[in-house]
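Here's the letter readout for the chains.
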Amino acid sequence: MRLGCGAFAAGCVVIEVLGVALFLRGFFPAPARPEPEPPAAPAAPEPMAGASSNWTERPPPLFRKVVIMLIDALRDDFVFGSKGVKFMPYTTYLVEKGAAHSFVAEAKPPTVTMPRVKALMTGSLPGFVDVVRNLNSPALLEDNVVTQAKAAGKRIIFYGDETWVKLFPKHFVEYDGTTSFFVSDYTEVDDNVTRHLDKVLKRGDWDVLILHYLGLDHIGHISGPSSPLIGRKLSEMDSILMRIHTSLLSEEREALSPSLLVLCGDHGMSESGGHGASSLEEVNTALLLTSSAFERKPGEVRPPERVQQTDLAATLAVGLGLPIPQHSVGRFLFPVVQGRALREQLRLLHLNAVQLSRLLRSRIPGFEREHGFEQFKISERLHGNWVKLYLEENNAEILLNMGAKARKQYLYTLKALSQALSSQEAQYDIYSMVVLALLLLSVPQALGATAKLEVPLSPMCSLLFYVMFLLLWAMHMVVCTSAESFCYLCNLAWPVAGAVLALVSALLCGVLSTLTRLCVRRKLLRRKPAPSHWKWSELDFLILAGTAGHVLSLGASSFIEEEHQTWYFLVSTLCLALSHESYRSCFLGDDEEPEHCPRVAGEFAGTASALPDRSVSCDMLELDQARQSPSSLDGLRGREKCMALASPWLILGCCRLLRSLNQTGVQWAHRPDLGHWLTSSDHQAELSVLAALSLLAIFALVQSRCSSVAKGALALGLLGVYCYRAATGHVLSPWQQDNKDVSRGIIEARFVYVFVLGILFMGIKDMLKSQVLAAGIPVKTVGLWDVYSGLVLLTALLFRPHNLPVLVCSLLIQTMMTKFIWRPLRHGAAEVTVMHYWFGQAFFYFQGNSNNIATVDISAGFVGLNTYVEVPAMFLTAFATYAGPVLWASHLVNFLSWEPNSGSALRRACFCYALLSSVPVSAYVVLVTALRYHLFIWSVFSPKLLYEGMHLLVTAALCLGFTAVDRAGAKVDAGKVAHC
């Protein structure tokens, strides 16, 4: 069966998306959990040498009430650094002189809200896949402090981020949730929490009060940690903390029992204002425990101690007299019980050690050989001996020394057990890590002149399919019936698993059939060799070496963190190679020009007449005629030739300028750049002028090929973009007199959306018109350009004002390369596709993106929205993140649609683009499987894997678009067949 390589590539990419999704399900499984214990399991008895202890109950609560004040994105230096001293004076007083214990709590990646809330309440390490579940949090079924408190009859009140309401449904006697994803709001989202405060603090009908403030995190997403709004928000939080603390102190004077006030953050904030990765600014959070039960000597200095964020769950459980959550890997913060009796201290340490040892026993088969378990047995013996002497009322000094030794041993044991459990938290589903790579086997055929593929469908293939399916099914049965297997595929229904195995069998069948045919064809060529005109140019070698070098660089964590440097180097080298080719073509002419591998002309003439498909024959003849014409710059005269010679250097200058606009990566992300300078409040006038000039340049570069209606809509839409940014206060405008006029810009953004949809509708209508009526190439290409201009307008709306020059440079480079490089030098479809792909990747990083989740600008998902709507917010965020690759791919379709042999070129381009996207993903999947126990697997390799999966999904959508455009041009190509 003959199949266009574009349709083949699109289908393979869709299948590979499914394969990568299956791999991600295996690589990011939910953390392993043991079978739950009975809810009323009794507490472990106190150990005693030679007899049983008389203390078998759990110790009473340490505090009567607990208030948890969680400030989203409260990194440690906001409290313990210079900003804390300046903007949070009352908190600073508690840290330095008050009855409080301060800590720097380390949060493990992913540093996003939902996994961190789970870690705070369960004490466990959530799986990395929770970064995706963060968008729609399911109910938390794992044992946690909130569930334990509810079961114990504690009355819990919550105000703040609605993530808590989703995680703990029906747990709160009173709650008021606010959406956490509408990042444009940093005032009302906190006012909705504080408005309940005075009323609740005066009441006595609650035991636990949880407050989750989001404003600080939203300011970070909008303006970054250096914004002046940060200081005001910290002062607001300090005043709220003082109100809560003074209210608790006044209540304690009447009740004569202490309360506990917890100030903490769920994660930190990167220098760009985001979070999600593993930089120090993102993982280091502030943790402050305040209570009148904590004694402090005059003049005593308590520097913040470094602890794990998972330690808070065990600490809250001890403070409320609850069982420590079963799956907690944390150890309770010992300073909380320093003022208690020695026997009570040892009792609490023993309960924590028993809980961790039980968890170790359920997770590690050879737990007896673990160092932590051996230390636990030593601790129990010391504790038992101490209890025996204590009950016998022995000498106080001996008891004190033995108790101190047992306490020290327990603290060491808890540390060893916690570290052992943290390293064993996740299990890999190896069986589900399947990679599908069928594209590589079709490269020789896809790059041929016909751009067609032979898909083998024969009786032999059918027999091979049945054999493959039976073998895979037998392996599936063996794996799923194994007692120790942990596999996602085994949890699927048998018909679904059978369908997956049938798909894999069909693909393997196609692979083997293609390999067999290639081997047979190679033997025939050896017997009767044909003359070859194949000759590689320097540009071909650069493309091949650059693509291979990028794939190999993914094996090093440093290259992944600084991947933008790889793409900057590749596009800069490409500019130099194009400059060399332009100068050689201009001054040496055709005699010295090498024949590029896609430009083979002699082989077309003899085979075109023998082809049964006349449309393919016509395409090949046109291609032959086009390539026999001069391939130098002789067709350009005067200024145009000078521009052709200068274009590579101008493009190189644009790329160098864009590198200074946004510092990205890890090593130099903290250094100042032009973006920081433009976004500072002191340079708002300069930013306004730059934004206005950029919007004018965008219109000038795009409007020339638009239809008249789309041209007017584009002009009004770009005006609306400036009005939107003026309404949100980013740029200045004549009608904005002061900051009181600043709004969310919802009306202005929706005004732009109307024009975006209108332009897209006009473009799609023209494309359909060309398909139905065979209106010809001009109608189709105008429709395609209208769609492209609509995407440009949407990008201009979603980009932050200082990033508009990135869009201008992208359009300028596309214009120069189209007019002065690709067409005069007549590069083949494969070369043009590779160049579009390289520049698309480079502009992904020019935007300020990186392989760090923290650089995702989620504020773009709320442009024009007055509340959180999941689907539009996710689409807008994804489009703003991948705007560079999407715009360059869209321009590729427009460029090739103007070519006389557009059908063959589009099919070949679709295949090449799919290949360029699939090879790194396939190689990277194999790599992370081999490096799954690497030190940086979660902080570096895993975020990159998510980016690669998302990029493959975008590629699948683009390939389907390529195929649709190719089909839309079928009616036009039919006229060319008749002409031939």
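Residues numbered from 1 in each chain as written. Predicted model: local features only at pLDDT ≥ 70, side-chain atom pairs only at ≥ 80, totals over all residues. Heavy atoms only, no water.

Student: Could you clarify how one ought to interpret the overall build of the chain in this entry?
Tutor: Secondary structure summary: the chain contains 38 helices and ten strands in total. Within the span of the chain, comprising 980 residues, buried residues form 56% of the whole. Expressed as a percentage of contacts within the chain between residues at least 6 apart in sequence, the contacts between residues at least 24 apart total 78%. Carbon and sulfur atoms make up 62% of the accessible area of the chain, which amounts to about 41,600 Å² in all. (Helix = DSSP H or I, 4+ residues; strand = E, 2+ residues; numbered from the N terminus. Buried < 20%, exposed > 50% of the residue type's maximum accessible area, 1.4 Å probe, protein only. Contact = heavy atoms within 4.5 Å. Areas by Shrake-Rupley, 256 points an atom, 1.4 Å probe, with all protein chains shown as cover.)

Student: Mind showing me how you'd approach empty space enclosed by the protein here?
Tutor: Unfilled space is identified by rolling a water-sized probe across the atoms. For the structure shown, the criterion picks out seven cavities of 30 Å³ or more. Across the lining of the largest cavity, the residue classes tally to eight nonpolar, five polar and three charged. Lining of the second largest cavity is provided by V66, I68, M121, V145, V146, A149, I156, V208, I210, L316 and L320. Contributions of two or more residues to the lining of the second largest cavity are made by β2 (65-71), α7 (145-151), β6 (208-213) and α14 (311-320). Considering each element in turn, the lining of the second largest cavity owes the most residues, three residues, to α7. (1 Å grid on protein atoms, 1.4 Å probe; cavity = no way out; pocket = protein on both sides within 12 Å on 5 of 7 lines; lining within 4 Å. Points joined across faces, edges and corners; volume = space filled by probe spheres on them. Nonpolar A, V, L, I, M, F, W, Y, C, P; charged D, E, K, R; others polar.)

Student: Please clarify how the packing of helix α26 (residues 639-659) against helix α32 (residues 804-825) should be interpreted in this entry.
Tutor: For any two helices packed against each other, the geometry comes down to the angle between their axes and how far apart the axes lie. Where α26 meets α32, the closest approach of the two axes is 9 Å, and the angle between their N-to-C directions is 155°. Comparing their axes, α32 and α26 come out roughly antiparallel. When you trace α26 past α32, the crossing you get is left-handed. From α26, E640, M643, A644, S647, P648, L650, I651, C654, C655 and L658 reach across to α32, where they touch P805, V806, C809, L812, I813, M816, M817, K819, F820 and I821. For the contact of α26 with α32, the class distribution of residues is 17 nonpolar, one polar and two charged. (Axes fitted to C-alpha atoms, helices over the stretch in contact; angles between N-to-C directions. Parallel < 35°, antiparallel > 145°, perpendicular 65-115°, else oblique. Left-handed = near helix turned anticlockwise from the far one by under 90°.)

Student: Looking at this model, I keep getting lost on the UniProt feature "transmembrane region" (unreviewed entry) in the chain. Mind explaining?
Tutor: UniProt tags residues 430-451, 463-486, 492-520, 747-765, 873-898, 910-933 and 945-965 as "transmembrane region" (unreviewed entry). Between the end C-alpha atoms of residues 747-765 there is a gap of 27 Å, over a span that is 100% helix and 0% strand. Taken as a whole, residues 873-898 contains 92% helix and 0% strand, while its terminal C-alpha atoms sit 35 Å from one another. (UniProt positions renumbered as here; feature names shortened; annotations may be inferred.)

Student: What should I look at first to understand the nonpolar core in this one?
Tutor: One recurring pattern in soluble globular proteins is that nonpolar side chains are buried together. Counting 98 residues, the largest nonpolar core has I698 and F839 as its most contacted members. Take this core: its biggest share by element is 13 residues, from α32. Residues contacting F839, with those up to four places away along its chain left out, are V571, L574, C575, I651, C655, I813, M817 and W888. Counting residues in hydrophobic clusters, the runner-up holds 72 residues, among them L125, L289, L342 and A406. (Core = buried A, V, L, I, M, F, W, Y, C linked by side-chain atoms within 4.5 Å.)

Student: Looking at this structure, I do not really get the packing of aromatic side chains. What am I missing?
Tutor: Two aromatic rings are characterised by how far apart their centres lie and by the angle between their planes. Taken as a whole and judged by the stated rule, the model has 21 aromatic pairs. Site record: aromatic cluster; members linked through ring pairs are Y568, F839, F843, F846 and W888. Positioned above the aromatic ring of W206, the side-chain terminus of K65 is 4.1 Å from the ring centre. Directly above the aromatic system of W785 lies the positively charged group of R705, at a separation of 4.1 Å from the ring centroid. (Phe/Tyr/Trp six-rings, centres within 6.5 Å; stacked < 30°, edge-to-face > 60°. Lys NZ or Arg CZ within 6 Å of the ring centre and 35° of its normal.)

Student: Help me understand the sheet that holds β2, please; the structure alone is not making it clear to me.
Tutor: Sheets are built from strands that pair by backbone hydrogen bonding, the pairs being arranged parallel or antiparallel. With mixed pairing, eight strands are arranged side by side in an open sheet as β5-β4-β6-β2-β7-β8-β3-β9. Two strands in the sheet have a free side with no partner beyond their single neighbour: β5 (174-178) and β9 (305-308). Each strand axis lies, on average, 15° off the axis of its neighbour in the sheet, ignoring direction. For β2 and β6, the ladder comprises six bridges, and the chain directions are parallel. Counterpart to I71 in the pairing with β6 is Y213. The strands touched by helix α12 (residues 228-255) are β2, β6, β7 (259-264) and β8 (284-290); relative to β2, the strand with the most contacts, the crossing angle is about 175°. (Pairing = 2+ DSSP bridges.)

Student: Before we go on, may I ask you to explain the confidence of the model for the chain in this structure?
Tutor: Caution applies to low-pLDDT parts of the model: their predicted coordinates are not meant to be read in detail. Overall, the prediction assigns the chain a mean pLDDT of 79, with 76% of residues at 70 or greater. Predicted confidence for residues 32-40 stays below pLDDT 50, and this span has 17 contacts to residues more than four positions away or in other chains. Throughout residues 974-980 the model reports pLDDT below 50, and contacts reaching past four residues in sequence, or to other chains, amount to nine contacts. (pLDDT = per-residue confidence, 0-100.)

Student: Which parts of the structure should I look at to understand the pattern of salt bridges?
Tutor: As a working rule, side chains carrying opposite charge can pair if their charged atoms are close by. The final tally for this structure, using the stated rule, is 19 salt bridges. A salt bridge links R343 to E46, with the nearest nitrogen and oxygen atoms 2.7 Å apart. Of the two residues, R343 sits in helix α15 (residues 342-363) while E46 sits in the loop between α1 (5-27) and β2, which places them 297 residues apart along the sequence. Judged by relative accessible area, which is 3%, E46 ranks as buried. The salt bridge involving D190 is made with K233; its shortest N-O contact spans 2.8 Å. Residue D190 is found in helix α9 (residues 188-194), and its partner K233 is found in helix α12; the two are separated by 43 residues along the sequence. Note on K233: relative accessible area 4%, which makes it buried. What emerges from the salt-bridge pattern is a single network uniting R64, K65 and E251. (Salt bridge = Lys/Arg side-chain N within 4 Å of Asp/Glu carboxyl O.)

Student: What exactly am I supposed to notice about a nonpolar patch on the surface here?
Tutor: On the surface, L576, Y583, F587, L588 and W649 cluster together into a nonpolar patch covering about 540 Å² of accessible area. With respect to the element layout, L576 can be found in helix α23 (residues 563-587). Accessibility expressed as a relative area gives 43% for L576, which makes it partly exposed. (Patch = residues over 30% accessible without salt bridge, like charges linked within 9 Å, V, L, I, M, F, W, Y side chains within 5 Å.)

Student: Explain the side chain of Q345 to me, please; I cannot follow it from the model alone.
Tutor: Position of Q345 among the secondary structure elements: in helix α15. Owing to a relative accessible area of 3%, Q345 belongs among the buried residues under this scheme. Beyond its immediate sequence surroundings of up to four residues, Q345 is in contact with F334, V337, Q338, R340 and R407.

Student: I would appreciate a short explanation of unusual backbone geometry in the present structure.
Tutor: For A73, which is not glycine, the phi dihedral falls at a positive 70°. Within the element layout of this structure, A73 appears in the loop between β2 and α2 (77-80). A positive phi angle, close to 50°, is found at R826, a residue other than glycine. R826 gets classed as partly exposed once you look at its relative accessible area, which sits at 24%.

Student: Is there a simple way to explain helix α33 (residues 829-846) in this structure?
Tutor: Within an α-helix, residues lying three or four positions from one another point in the same direction, as the helix has 3.6 residues per turn. The terminal C-alpha atoms of α33 lie 25 Å apart, and with 18 residues this matches the ideal 26 Å at 1.5 Å per residue to within 8%. Of all 18 residues in α33, 18 are buried, a share of seventy percent or more. Of the residues trailing α33, G848 is marked for its positive phi of about 105°. (Expected span 1.5 Å × (residues − 1).)

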